[in-house]
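# Residue-level structure breakdown
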Amino acid sequence: MRVLITGGYGFIGAWIIRELLSRGDQVWVYDLKEDARRLKLILPEAEVAKATFVQGDVTDLKALSASIAQHQISHVIHLAGLQVPTCRADPLLGAKVNVLGTLAVFEAVKAAGAQVKRLVYASSAAVFGSPEKYPAGSQGDDAPLIPSTHYGVFKCCNEGNARIYFQDFGLSSVGLRPWTVYGVGRDLGMTSEPTKAIKSALLGRPYHISFGGWTDFQYADDVAKTFVNCLERPYTGAKSYNLRGAVVTLKDFYDALCRVIPAAKSLVTFGTAQIAIAYDLSDDGLQRDLGPMPKTPLEAGIRETVAIFRKLQSENRLDTSDLEGPKPPPVTVADEP
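Now for a look at the structure at hand. (Residues numbered from 1 in each chain as written. Predicted model: local features only at pLDDT ≥ 70, side-chain atom pairs only at ≥ 80, totals over all residues. Heavy atoms only, no water.)

### Section: the nonpolar core
Applicable threshold: As used in this record, nonpolar core signifies buried Ala, Val, Leu, Ile, Met, Phe, Trp, Tyr and Cys residues forming a set joined through side-chain atoms within 4.5 Å. Type-normalised accessible area, obtained with a 1.4 Å probe on protein chains alone, sets the label of each residue: buried when under 20%, exposed when over 50%, and partly exposed for intermediate values. Secondary structure elements are defined from DSSP: runs of H or I of at least 4 residues count as helices, runs of E of at least 2 residues count as strands, and each element is numbered from the N terminus. In what follows, residue pairs with any heavy atoms lying within 4.5 Å of each other are defined as contacts.
Among the nonpolar cores identified, the biggest contains 89 residues, and I16, F227 and I302 are the most heavily contacted of them. Ranked by residue count, the leading element in this core is helix α1 (residues 11-23), at eight residues. Beyond its immediate chain neighbours, meaning those up to four positions away, F227 contacts I12, I16, I77, L79, V120, Y121, A122 and L176. Counting residues in each nonpolar core, the second largest holds 22 residues, with A80, F106, V116 and Y121 among its members.

This is the structure in C-alpha cells:
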C-alpha cells in the first residue's frame, strides 16, 4: 500500500506508521510541520527516515489533491484534528480544522477516483453523551450521539458527512472511535493522564490522574493495527465503529499499574469524576464487518509501555516535558447542565 496519513506525526499516527513500515508499506506523512519526535520514541532512526514528510494544511484541498496524485497514493488515513481543550477555547478554529479539514480530505479522495482504494478516518468516542444518558449494558455503534463538547459535535458532523459522500458518490469510508488510548508518545489530550502516570511511576515521581470512574483503555498498538486492518479488508459503506479495549475503573488501572511497578502504590492517585462519555461501548459491529481486531490485556499493555519507557530511560531519551505544567480540566458529568 502507498498510504498518506494526515496528522501522522501525532500519537496514534506514529503507531500506525510503525505498523505500516513493519509490513513493508510506503508511508507519506501530511502535516503542518515535520516533527518526528513521537516516531523516534518507538522506531529506530533508519525506520523513521522511511516515512516521507509532505508539508501541508489539511484544509488546503488543492495541496491535498496534488499530494495524492504526485505520490500515487492508494490508501488514506485521516487523523489531523484539534483536541478537546483547543476546540473548547476556540470553536471556530476547531471547526475549521476538524470539520472543513475532513471535508477537504473527502473531496480529495473523491477527486482521485479509483486510485484511492480506501479512506479510514479518526472519529471519537466523544460523539456519545455521558453514561447516565444511556440504558444499562453495552452501547452499539448506532446509540444516540449526544456529545458534551464542541470536539464531539465536530466528530458527529464528520460521521454524517461521510455517510453523505457514500450516499451521493459511492465513496466508502471507515470511521473509528477511539476512547482512552494509552502508550508511549501519548502526551496530549484529556485522556493522556494514565500514560503520564505510568511514566511518572517509572521515574519515582508522584502523579495525580484528575478523573476517575470508568473508562475504556485501548493500547496504542491495537488501535494502530485496527486502522491498518480497516485500510485493506473488504468493505463497502460509510459506517463509524466503536473500538473496545479493557473497560475498567481507574482503580482497576491503578491496581494493574501497581502490579507492574509496585512503587506506583505510593506515587499514583486518581480522582472521582466520571468523564462525560459513555464508556461501555460495544465493538460487535467492527468485529463483524471488518474483524477480527487485536485486544491486548490491560496489564500486558502497561508492561509493554513500561518496557519502552525503560529503554528510552537507559538511552537518556525519556522526555518528561509532558509531565510539567497545568492539566486541562477533564470533561466530567459534573460539567453538564
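### Some details on the sheet that holds strand β7 (residues 180-182)
The following threshold applies: Being paired, for any two strands, means DSSP has found at least two bridges between them. Here the axes come from fitting lines to C-alpha atoms, over the contacting stretch only for helices, and the angles between their N-to-C directions go from 0 to 180 degrees.
Ordered in space as β7-β9-β11, the three strands form an open sheet in which the pairing is mixed. Across the chains shown, the open sheet's two edge strands, defined by having one partner strand only, are β7 and β11 (246-249). The sheet shows a mean angle of 40 degrees between the axes of neighbouring strands, direction not considered. Strands β7 and β9 (214-219) of the sheet are contacted by helix α9 (residues 220-232), whose axis makes an angle of about 70 degrees with β9. Along the sheet face, helix α13 (residues 298-314) touches β7, β9 and β11 and points at about 55 degrees away from the line of β9.

### Re empty space enclosed by the protein
Spelled out, the test is: A 1.4 Å probe that fits into a set of points on a 1 Å grid over the protein atoms alone but cannot get out defines a cavity; an open set with protein on both sides within 12 Å along at least five of seven lines defines a pocket, and lining residues are those with an atom within 4 Å of a point. Grid points are joined across faces, edges and corners, and a volume is the space filled by probe spheres set on the points.
Inspection of every chain in the model, using the stated rule, returns three cavities of 30 Å³ or more. By volume, the largest cavity is sized at about 130 Å³. Around the largest cavity sit 17 residues that line it, and D222, T226, L243, R244 and P294 are the ones nearest its centre. Elements that contribute at least two residues to the lining of the largest cavity include exactly β9, α9 and α12 (284-290).

### Some remarks on the state of the cysteines
This is how the line gets drawn: A pair of cysteine sulfur atoms is labelled a disulfide when the two atoms are within 2.5 Å.
A full pass over the atoms with the stated rule returns zero disulfides. Of all cysteine sulfurs in the structure, the one in C157 sits closest to C87, which takes part in no disulfide; the separation is 12 Å. What makes C87 buried here is its relative accessible area of 0%. C157 provides the cysteine sulfur closest to C156, a residue in no disulfide bond, and the two sulfurs are 8.7 Å apart. Assessed through its relative accessible area of 18%, C156 is described here as buried.

### Comments concerning the sheet that holds strand β10 (residues 240-242)
What the seven strands build is an open sheet, ordered β3-β2-β1-β4-β5-β6-β10; its pairing is parallel. Two strands close off the open sheet at either side, each with one partner strand: β3 (51-55) and β10. The mean inter-strand angle of the sheet, taken between neighbouring strand axes irrespective of direction, is 20 degrees. The strands touched by α9 are β1 (2-6), β4 (75-78), β5 (118-122) and β6 (173-177); relative to β5, the strand with the most contacts, the crossing angle is about 155 degrees.

### A closer look at the pattern of salt bridges
Put simply, the rule reads: Any carboxyl oxygen of Asp or Glu within 4 Å of a side-chain nitrogen of Lys or Arg constitutes a salt bridge here.
Summed over all chains, the structure comprises 21 salt bridges. We note a salt bridge from D280 to R244, for which the minimum N-O separation is 2.8 Å. With a gap of 36 residues between them, D280 in the loop between β12 (268-270) and α12 and R244 in the loop between β10 and β11 connect regions that are remote in the sequence. Relative accessible area serves as the criterion here: at 24%, R244 is assigned to the partly exposed category. Across the pair E315 and K311 runs a salt bridge, and its minimum N-O distance is 2.7 Å. In this structure E315 comes out as partly exposed when scored by relative accessible area, which is 34%. On the accessibility criterion, K311 (49% relative accessible area) is partly exposed. What emerges from the salt-bridge pattern is a single network uniting R18, E19, D221 and K225.

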